[in-house]
Amino acid sequence: TQLLEQSPQFLSIQEGENLTVYCNSSSVFSSLQWYRQEPGEGPVLLVTVVTGGEVKKLKRLTFQFGDARKDSSLHITAAQPGDTGLYLCAVDDRGSTLGRLYFGRGTQLTVWP
Amino acid sequence: DVKVTQSSRYLVKRTGEKVFLECVQDMDHENMFWYRQDPGLGLRLIYFSYDVKMKEKGDIPEGYSVSREKKERFSLILESASTNQTSMYLCATHGGVIRYFGPGTRLTVL
């Protein structure tokens, strides 16, 4: 059973469109992270959300942590080709200080010019 | 500028060969991790280490071993490579909240 379910798995849109990707679970988490991975590179941390209901903005990217801390969303406004990549959500192994992460399977976003 | 480097970006090996993947970090982090990434499966943890000479199995350790003789270096070893180990291998370190990933090694086993 996958701890984190991400949807959609693939998203292909035109430049200028808006989009939302989701990360859902039946478990409660103390925090959740979003990463972006470009082809041929490792994932890069975008944001960590900690508080239920929290909203964080990173330029055109808006991240929200669900009130119950079981889910999160990433909204991109006016997508650009440079936003193309694999978006991954991840959570810490609960009760561990060692820093291992559990990842969702990712959303592959392609933005066409 | 933090850095996690991996010894090779691309590697092609034959079935049965012994394969070494090296990861080096310059951040003095204690915790280091090896993940493999496959399409549709996401990142899965193979092994991790929380100190020199200390290691713990992750979710998919079968067919792999690791070595951590120095704090900055964490090696992943495929004792006898098989075709189902063809994958992208990612090394990561843990520094507080942030994890830093290397660029990955794309391994093909023929």
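Please read these numbers as outputs of a predicted model, since none were measured by experiment.

*Asks:* Kindly report on the packing of aromatic side chains, identifying the contributing residues and their values.
*Replies:* The final tally for this structure, using the stated rule, is nine aromatic pairs over all chains. Seen from their ring centres, Trp34(A) and Phe63(A) are 6.5 Å apart, and the 45° between their planes marks the pair as tilted. Remark: Phe63(A) occurs in strand β7 (residues 61-65) and Trp34(A) occurs in strand β4 (residues 32-37); sequence separation between them is 29 residues. Take Trp34(A) and Phe63(A): they sit in the same class, and that class is buried. With a centroid separation of 5.9 Å and an interplanar angle of 45°, the aromatic rings of Tyr35(B) and Phe101(B) are classed as tilted. Placement of Tyr35(B) in strand β4 (residues 31-38) and of Phe101(B) in strand β10 (residues 98-101) is noted, with a sequence separation of 66 residues between them.

*Asks:* Now, about the environment of Glu79(B): what can you tell me, with residues and values included?
*Replies:* Residue and element names in this part refer to chain B. With respect to the element layout, Glu-79 can be found in the loop between β8 (73-78) and β9 (87-95). The spacing of Glu-79 and Met-32 is 47 residues in sequence and 20 Å in space, taken between C-alpha atoms. In contact with Glu-79, other than residues within four places in its own chain, are Gly-16, Glu-17, Lys-18, Gly-63 and Ser-65. There is a polar contact of 3.2 Å between the side chain of Glu-79 and the side chain of Ser-65.

*Asks:* Let's hear about the nonpolar core: which residues, and what values?
*Replies:* Leu19(A), Leu32(A), Trp34(A), Phe63(A), Leu74(A), Ile76(A) and Leu109(A) are the most contacted members of the largest nonpolar core, which has 22 residues in total. Counting residues in hydrophobic clusters, the runner-up holds 21 residues, among them Leu11(B), Met27(B), Leu78(B) and Tyr89(B).

*Asks:* Outline the confidence of the model for chain B, listing residues and values.
*Replies:* Per-residue confidence for chain B averages 92 on the pLDDT scale, and 97% of its residues sit at or above 70. For chain B, per-element mean pLDDT is lowest for β10(B), which scores 84, and highest for β8(B), which scores 97.

*Asks:* Please set out the sheet that holds strand β8 (residues 71-76) of chain A residue by residue, giving values where relevant.
*Replies:* All names here are of chain A. Spatial strand order, β1-β3-β8-β7-β6: five strands in an open sheet with antiparallel pairing. In the strand order of this sheet, the two ends are held by β1 (5-7) and β6 (55-58), each with one partner. Put simply, the sheet's adjacent strands are angled 15° from each other on average, direction ignored. Examined bridge by bridge, β6 and β7 share four bridges and lie antiparallel to one another. Bridged to Leu-58 within β7 is Leu-61.

Rules of the game
- Residues numbered from 1 in each chain as written.
- Chains lettered and ligands numbered in written order.
- Predicted model: local features only at pLDDT ≥ 70, side-chain atom pairs only at ≥ 80, totals over all residues.
- Heavy atoms only, no water.
- Phe/Tyr/Trp six-rings, centres within 6.5 Å; stacked < 30°, edge-to-face > 60°.
- Helix = DSSP H or I, 4+ residues; strand = E, 2+ residues; numbered from the N terminus.
- Buried < 20%, exposed > 50% of the residue type's maximum accessible area, 1.4 Å probe, protein only.
- Contact = heavy atoms within 4.5 Å.
- Polar contact = N/O pair within 3.5 Å; in protein donor to acceptor, adjacent residues only side chain to side chain.
- Core = buried A, V, L, I, M, F, W, Y, C linked by side-chain atoms within 4.5 Å.
- pLDDT = per-residue confidence, 0-100.
- Pairing = 2+ DSSP bridges.
- Axes fitted to C-alpha atoms, helices over the stretch in contact; angles between N-to-C directions.

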